[in-house]
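Geometric and topological summary
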Amino acid sequence: MNATVATSVFGVFMVATVALGLLATRGRRKGDGNGEGGGLAEWSVGGRSLGTVFIWVLMAGEGYTSFSYLGAAGWGYNYGAPVLYVVAYMSCGYAIGYVVGPMLWAYARKHGLVGITDMVAHRFGRPWLGALVAVLATVFLLPYIQLQITGMGVVVSTISYGAISLNWAYFIAFAVTTGFVVVSGLRGSAWVSVLKDVLVIATLGFLAFYVPMHYFDGYGPFLDRLVTEKSEWLTFPGHGDSGLGQAWFITTSFLNSLTVVIFPTTVAGYLGASSADVLRRNAMLLPAYNVLLFVPMLLGMAALFVVPGLVGAESNLALFQLVVDSLPAWAVGVIGVAAALSSIVPMAVFMLVIGTMWGRSVLSLVPRWERRQKGAAQVVVVAAGSLALLLTYTAPNTLVRLSLISYEGMAQLLPMVLLGLMWRRLTLLGAMSGLVVGVGVVCGFVFTENDPVWGVNAGIVALGANLAVALAVTYAGPRERDDRPDDEVLARDEIGAPEQAAELDGAPAGTGH
């Protein structure tokens with residue numbers, strides 16, 4: 001009976017999710033598939049027309065994934081204090097995004113661009129460079145799709161009391177996400193994010209009060225036990241020989257806060273905004289959402305007393321063990337839906353971004369696809385999701401190993417993207433040399449199990465080498481000849497400048513306006 005009730009609740013919400021995503025496309029103009037009207041710009045960046053609320057829920061949805069329900073609780077259960085890096089880097093990243101977001105938005109809108117691959121291709125005047133970055137970024141993004149499929153599968157199987165197998169749960173994750181993202185794109189993800197955020201706020205708010213009261217008779221007794229019996233979880237480097245000390249915490253928070261602002265999914269959120277002011281307001285509002293992240297972290301540590309002895313992947317279910325053991329089936333179903341949507345929304349944006357990068361920067365180099373970029377992007381969405389699903393079934397460890405370098409590898413694009421858009425002197429040879437060195441160093445450290453290295457995040461060491469090589473090659477080599485003016489090459493955020501507003505209002509076709 002419990003399985004039937006919880007599964008029914010979950011099924012109703014999944015149907016509603018697909019319907020909501022498809023409804024998002026009603027009334028949108030049709031275009032030529034190459035960026036105008038209902039074309040690539042409408043599909044990939046919502047026609048650059050999303051307001052503060054939609055941008056807030058969309059970007060919060062990207063940051064609040066299945067990791068927040070599973071990984072955050074698992075880290076809290078296994079290590080304790082080091083998991084707070086998630087709150088630290090996201091909050092710092094929002095502050096950096098206050099400056100960077102409007103710059104990237106203005107640059108993309110002015111030149112009719114739809115992602116970072118477009119931006120580097122335009123900045124350095126090399127279409128092939130956009131294709132290269134698209135391939136590299138796909139390698140780093142694909143594991144995130146697999147992780148969200150796996151996360152949702154674990155949640156669905158758990159809340160159904162085992163009635164739905166993991167294999168079927170994986171397929172449901174893929175089918176629901178693909179069902180609406182191919183048709184409705186970024187706008188559909190934003191609409192579904194509204195439903196997700198209502199459920200996330202309601203369920204985590206409830207659990208924050210319910211679990212301590214139900215199991216410990218209040219926060220006072222719970223925290224007393226935590227301080228008395230598990231004090232190791234409350235200080236760095238946390239429980240066990242994790243190596244996640246203060247230096248690791250600082251370097252990881254710093255590296256991730258820089259990386260998140262140029263992460264392709266974050267940039268998709270930036271470019272979907274209707275104005276730069278929407279992004280500034282969003283940067284001020286988003287940290288409030290981070291308060292919710294403390295809940296699964298704290299409940300993960302509460303599970304130490306309620307379900308001790310969880311090891312390995314079992315620790316990721318620490319929060320759901322508390323839920324399934326103590327709540328009625330309908331409540332388990334609702335909480336499971338919130339966690340599932342926390343997988344679906346970011347998975348949709350990851351798939352959409354991969355499709356956009358390939359449709360715009362890779363397949364567009366083939367003449368027959370040049371005028372059908374949206375259609376090409378939609379095909380790639382299905383292909384990327386299918387590949388992640390197939391590897392989840394057949395070789396899950398392949399993408400899991402790649403996921404180890406995903407964020408640190410993406411960080412190696414920082415000099416090419418951010419420095420390149422702000423400093424004209426950076427040459428293509430310098431940026432490429434730094435990127436090769438940075439990716440090589442981070443892969444060397446991670447795959448030889450030397451991360452952290454010297455107590456710090458291996459990615460920050462690789463980024464330092466990347467930047468040093470990029471600057472050395474740039475200054476040692478000849479200046480590149482580029483007759484375009486600075487305003488054509490570099491990103492600017494001319495706050496309140498009337499000439500900037502007038503220039504943007506006259507943006508070329510493909511901007512969605």
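Going along each chain's sequence as written, the residues are numbered from 1 onward. It should be noted that, the model being predicted, local features are given only for residues of pLDDT at least 70 and side-chain atom pairs only at 80 or more, the latter also being counted only at that level, while totals for whole chains, interfaces and linings use all residues. Heavy atoms throughout the structure, all of them, feed into the side-chain values; hydrogens and water do not.

Focus on the packing of helix 8 (residues 127–159) against helix 9 (residues 166–216)
Put simply, the test is: Between N-to-C directions, angles span 0 to 180 degrees; the directions come from axes that are lines fitted to C-alpha atoms, helices contributing only their stretch in contact. A helix here means a DSSP run of H or I that spans at least four residues, while a strand means a run of E at least two residues long, and both kinds are numbered starting from the N terminus. Reported orientations rely on four angle classes, namely roughly parallel under 35 degrees, roughly antiparallel over 145, roughly perpendicular from 65 to 115, and oblique for the rest. Put simply, a crossing is left-handed when the front helix is turned counterclockwise from the back one by less than a right angle, and right-handed when it is turned clockwise. Contacts were defined at the residue level, with two residues in contact if any of their heavy atoms lie within 4.5 Å.
In the contact formed by helix 8 and helix 9, the axes pass within 8 Å of each other and the chain directions differ by 125°. As the angle between them shows, helix 8 and helix 9 are arranged oblique. Between helix 8 and helix 9 lies a crossing whose hand is right-handed. For the pair helix 8 and helix 9, the contacting residues are Ile149, Thr150, Met152, Gly153, Val154, Val156 and Ser157 in the first and Leu166, Ala169, Tyr170, Ile172 and Ala173 in the second.

What about the confidence of the model for the protein?
Detailed reading of the predicted coordinates is not advisable wherever pLDDT is low. Test applied: pLDDT measures how confident the predictor is about each residue, on a scale from 0 to 100.
Scored by pLDDT, the protein comes out at a mean of 86, with 92% of its residues at no less than 70. Averaged pLDDT values over the elements of the protein bottom out at 43 in helix 24 (residues 498–505) and peak at 97 in helix 22 (residues 458–476). Here residues 496–513 is modelled with pLDDT under 50, and outside its nearest four sequence neighbours on either side it reaches 34 contacts, counting other chains as well.

Observations concerning the environment of Val323
Cut-off, in case you're wondering: Exposure categories follow from relative accessible area, calculated using a 1.4 Å probe and restricted to protein chains: below 20% of the type maximum is buried, above 50% is exposed, and the middle band is partly exposed.
Looking at where Val323 falls in the secondary structure, it is placed in helix 15 (residues 318–326). Residue class for Val323 comes out buried when judged on its relative accessible area of 2%. Taking C-alpha positions, Val323 is 34 Å from Thr259, a pair spaced 64 residues apart along the chain. Among residues more than four places away in sequence, those in contact with Val323 are Leu207, Val332 and Ile335.

Remarks on the environment of Val446
Structurally, Val446 is set in helix 21 (residues 428–447). Judged by its relative accessible area of 9%, Val446 falls in the buried class. Along the chain, Val446 and Glu408 lie 38 residues apart, while their C-alpha atoms are 9.4 Å from each other. Those residues in contact with Val446 that lie beyond four places of it in its chain are Leu404, Ile405, Glu408 and Asp451.

A word on the pattern of salt bridges
Inclusion rule: Salt bridge, as applied in this entry: a Lys or Arg side-chain nitrogen positioned within 4 Å of an Asp or Glu carboxyl oxygen.
Counting across every chain of the model gives 8 salt bridges. The salt bridge involving Arg424 is made with Asp486; its shortest N-O contact spans 2.7 Å. Of this pair, Arg424 sits in the loop between helix 20 (414–422) and helix 21 while Asp486 sits in helix 23 (residues 486–489), placing them 62 residues apart in sequence. Under the relative-accessibility criterion, Arg424 is labelled partly exposed at 25%. For Arg484, the salt bridge goes to Asp482, with nearest N and O atoms at 2.8 Å. Judged by relative accessible area, which is 22%, Arg484 ranks as partly exposed. Judged by relative accessible area, which is 29%, Asp482 ranks as partly exposed. Three or more residues joined by partner-sharing salt bridges are found here, namely Arg424, Asp482, Arg484 and Asp486.

Things to note about helix 5 (residues 71–78)
Taken across its 8 residues, helix 5 has 6 buried, putting it largely inside the fold. Three or more residues of helix 5 are buried, namely Gly71, Ala72, Ala73, Gly74, Gly76 and Tyr77. Those residues of helix 5 that are buried lie in contact with helix 4 (66–69), helix 14 (294–306) and helix 15. Trailing helix 5 by a residue or two, Gly80 shows a phi angle of about 95°, which is positive.

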